[in-house]
Amino acid sequence: MPPVRLPAEAELARAALAAPLLARAASLARWAAPGTPVGAGGELLDAELKGAVTHLGLDEDEDGETLAADAWHFAVDTGLVSVSENDDDSGGGAATGGERAAGTAGPGEELALLTGGGPGDVLDIWAAGVDAVLADAATPTFEEMLGDLAGLDGAVSPDGEIDPDAIDLDALAWDQEEAAGFLDAALGSLYLFAATDEAGQAASMVPLPMVAAASLVPEDMEELSAEALEELSDAVLRLDGQFRALAGTGLLEYRPVDESVLIDAGQDELAGDGEDVAAEPEDFDGDEEDLTRYGLARLTPLGLWAVRRRMREAGLEVPVVGELAGRDAAALLSALPFRPEPAAHEEAELWLAGREPVGAARELLAAARGVDPEAPGRRFGCQLVLSLLDLTAEPAAREVLDDRELGGLARVWLAERGVADVPPPDEDMIFWLTVDTLAAQLLPFGAEEDAAELQELVSGLADQHSEFFDRAWRSDHPATADVLEAVGRVHPDKHLAKRARKAAFKARSRRGD
């Protein structure tokens, strides 16, 4: 994944505390007296729920009870509220409406950490609640599990009676892991959109169809098929409900799907005479302004932190800008070739900050040595970091002028700074440096994947040196044959591409490969 910038932990913790769901959950945890009666699932009973609505200042007529119930469950899931079951079968004290309590609740141990703990404690509490909300969001309602009612075919009589023995349980089965994976994939797409946003990290709201398409539509599908469009339509409506549930956590900012779209979807289903007919919005193929009717989303900085945390737990590599500042030069140079140029430049600046120039340059040059497959990339990164240093680092560059692996890049660095008394490189060093530079750019990423960019890179080789391919194969650089083969695959001139492939064959024969 591309690197992201994250605020300081204290700033993230303040954002978590300000999130509506955690703020309400904390308020209810302080409001709940020890011994508050609750139901079998730890939920508030009717009388207490009304009291919670009043305490939070919510309007009962505008989803107040739903918001209060969600906040209470968040408090239970995070340990801000502790629930205990009754010790006997008496059912506890009776509540209004004939309800009987299955247990009691009161402030939990985690509540004190919101004010007495550190930022990390606050984020751990918030993250535990978000994990629970994500699990709930990925779990369908009973109606959704019935889906298109295919599992009930032949099981429902004309008078509405259901024959349990006739139900196709396989058709009704719900794959919870698949559902959770779908939601995680959507959040991962939002993460990637934020990390690569040209307008600035997470500056742009992303239309929901784009989020769904990033997870569902194959990259090589130039035009949506009817089947893909139906699947995409279903996914958008599904994500709309899930993102509505997540908005209160502070994980993301969300503008829901326009009511007119939901009405259209309902009308489409009715038009199917009872059949499951998914909404197929024509605007999915329209311009971006039309797409905004289908919802807009973006991760907050707190959301980036949370999604990155989940990705790390899943074993993914998810770098953060600045995380290499305290690492050694070897770690820095190994990472830079795989970072976008602006992020690599910023990472290099942060690594150099506070380091003495000559010492930093010596450490970089030492880490850049090697003949392993990753070494060209390290030297490429070394050139990038050295480009940020001025002539105060000159002694380190002069020390490696005779080094086979580093002498070429040291000469380039000195020449770019106008140093006049630099000895010229011999021909072997020139070709070694050329092969090394090409290896750093051609080999790690695969020539076929970025053919257009790589064609531009290699197209000037013959112009710069008419006998390049006749001479380059003699270089003792370990990547010579691989580089020439890569050039042969992507060079726009067929004649020169053939010469490159022949040169690669000679290089392998020379090495005895």
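Residues numbered from 1 in each chain as written. Predicted model: local features only at pLDDT ≥ 70, side-chain atom pairs only at ≥ 80, totals over all residues. Heavy atoms only, no water.

### Details of the sheet that holds strand β6 (residues 296–299)
Convention followed: Following DSSP output, two strands are said to pair if at least two bridges run between them. We count a stretch as a helix when DSSP gives it H or I for four or more residues in a row; a strand needs E for two or more, and each element gets its number in order from the N terminus. Contacts are residue-level and defined by heavy atoms, with any inter-residue pair within 4.5 Å sufficient. To obtain each axis, a line is fitted to C-alpha atoms, and for helices this fit is confined to the stretch in contact; angles are then taken between N-to-C directions over 0 to 180 degrees.
Across the sheet, which stays open at both edges, the three strands sit in the order β4-β6-β5 with antiparallel pairing between neighbours. Of all strands in the sheet, those bounded by a partner on one side alone are β4 (206–207) and β5 (252–255). Across two bridges, β4 lies against β6 in antiparallel orientation. Residue pairing in the sheet places Val 206 in a bridge with Ala 297 of β6. Against the sheet, helix α11 (residues 226–247) engages β5 and β6, with an angle of about 130° to β5.

### Things to note about the pattern of salt bridges
Oppositely charged side chains can form a pair if their charged atoms are brought close together. Definition in use: The salt bridge criterion pairs a side-chain nitrogen of Lys or Arg with a carboxyl oxygen of Asp or Glu, the two atoms within 4 Å. Exposure classes here rest on a 1.4 Å probe applied to the protein chains alone. A residue is buried below 20% of its type maximum, exposed above 50%, and partly exposed in between.
If you walk through the whole model with that rule in mind, you get 25 salt bridges. Between Asp 184 and Arg 310 there is a salt bridge whose closest N-O contact spans 3.1 Å. With Asp 184 in helix α9 (residues 176–195) and Arg 310 in helix α14 (residues 301–313), this pair connects stretches of sequence that are 126 residues apart. Looking at Asp 184, the relative accessible area reads 34%, which means it is partly exposed. Ionic pairing is found between Glu 427 and Arg 471, a salt bridge with its closest N-O pair at 3.0 Å. Placement of the pair is Glu 427 in helix α21 (residues 427–442) and Arg 471 in helix α24 (residues 468–472), with a sequence separation of 44 residues. Here the salt bridges do not stand alone but share partners, grouping Asp 131, Asp 184, Arg 309, Arg 310 and Glu 313 into one network.

### Here's the deal with the sheet that holds strand β2 (residues 81–85)
One key point about sheets: their strands pair by backbone hydrogen bonds, in either a parallel or an antiparallel sense. If you walk across this open sheet you meet the three strands as β1-β3-β2, and the pairing is antiparallel. In the strand order of this sheet, the two ends are held by β1 (36–38) and β2, each with one partner. Neighbour-to-neighbour, the strand axes of the sheet open up by a mean angle of 35°, direction not taken into account. Taken together, the five bridges between β2 and strand β3 (residues 103–107) define a ladder with antiparallel strand orientation. When the bridges of β3 are listed, Ser 82 appears paired with Gly 106.

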